[in-house]
Amino acid sequence: MELTIDVIDSGALRLLRDMEFLKLIRFQMPVVKEKKKTLKLSQKFAGALHLSDEQYENFQTALKTGRDEWERNIYI
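A few points on the structure. (Residues numbered from 1 in each chain as written. Predicted model: local features only at pLDDT ≥ 70, side-chain atom pairs only at ≥ 80, totals over all residues. Heavy atoms only, no water.)

### Regarding the overall build of the chain
- For the chain, the helix and strand inventory stands at three helices and zero strands.
- Sequence-ordered secondary structure for the chain, helices as α and strands as β, is α-α-α.
- Taken against the 2.2 N^0.38 rule, which gives 11 Å for 76 residues, the C-alpha radius of gyration of the chain at 30 Å runs more than 25% over that of a compact globule.
- Burial status across the chain gives 3% buried among its 76 residues.
- Element-wise, carbon and sulfur atoms account for 57% of the exposed surface of the chain, whose accessible area totals about 8800 Å². (Helix = DSSP H or I, 4+ residues; strand = E, 2+ residues; numbered from the N terminus. Rg over C-alpha atoms; globule rule 2.2 N^0.38 Å. Buried < 20%, exposed > 50% of the residue type's maximum accessible area, 1.4 Å probe, protein only. Areas by Shrake-Rupley, 256 points an atom, 1.4 Å probe, with all protein chains shown as cover.)

Okay, here's the thing in structure tokens:
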């Protein structure tokens, strides 16, 4: 069972410590969460594709070609 207690009087804290000594209760220190360092997506995913130099150049060329296609005016 888990229980959260707000101690109002320091005397109550002494009673709680005595109860812990008698092994009636157990104190657990609160877990402190570390703040995650926020990374840019470019830093987070840098090198994630594990491409060779040739594959990287082909990939960049395909991206550039795809972007350039959107700039064309296509009339049907």
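Having seen it, we continue.
### A word on unusual backbone geometry
- Positive phi, close to 60 degrees, is recorded for Lys23, a residue that is not glycine.
- Along the chain, the position of Lys23 falls in the loop between helix 1 (10-21) and helix 2 (41-44).
- Overall, Lys23 belongs to the exposed group, its relative accessible area being 73%.
- If you check the backbone angles, His50 has positive phi at about 55 degrees while not being a glycine.
- The exposed category is assigned to His50, whose relative accessible area is 70%.

### Concerning the layout of surface pockets
- When its volume is computed, the largest pocket comes out at roughly 680 Å³.
- Residue classes in the lining of the largest pocket are distributed as 13 nonpolar, two polar and two charged.
- Of the volumes computed, that of the second largest pocket is approximately 160 Å³.
- What lines the second largest pocket is Phe45, Ala46, Gly47, Ala48, Leu49, His50, Leu51, Tyr56, Phe59 and Gln60. (1 Å grid on protein atoms, 1.4 Å probe; cavity = no way out; pocket = protein on both sides within 12 Å on 5 of 7 lines; lining within 4 Å. Points joined across faces, edges and corners; volume = space filled by probe spheres on them. Nonpolar A, V, L, I, M, F, W, Y, C, P; charged D, E, K, R; others polar.)

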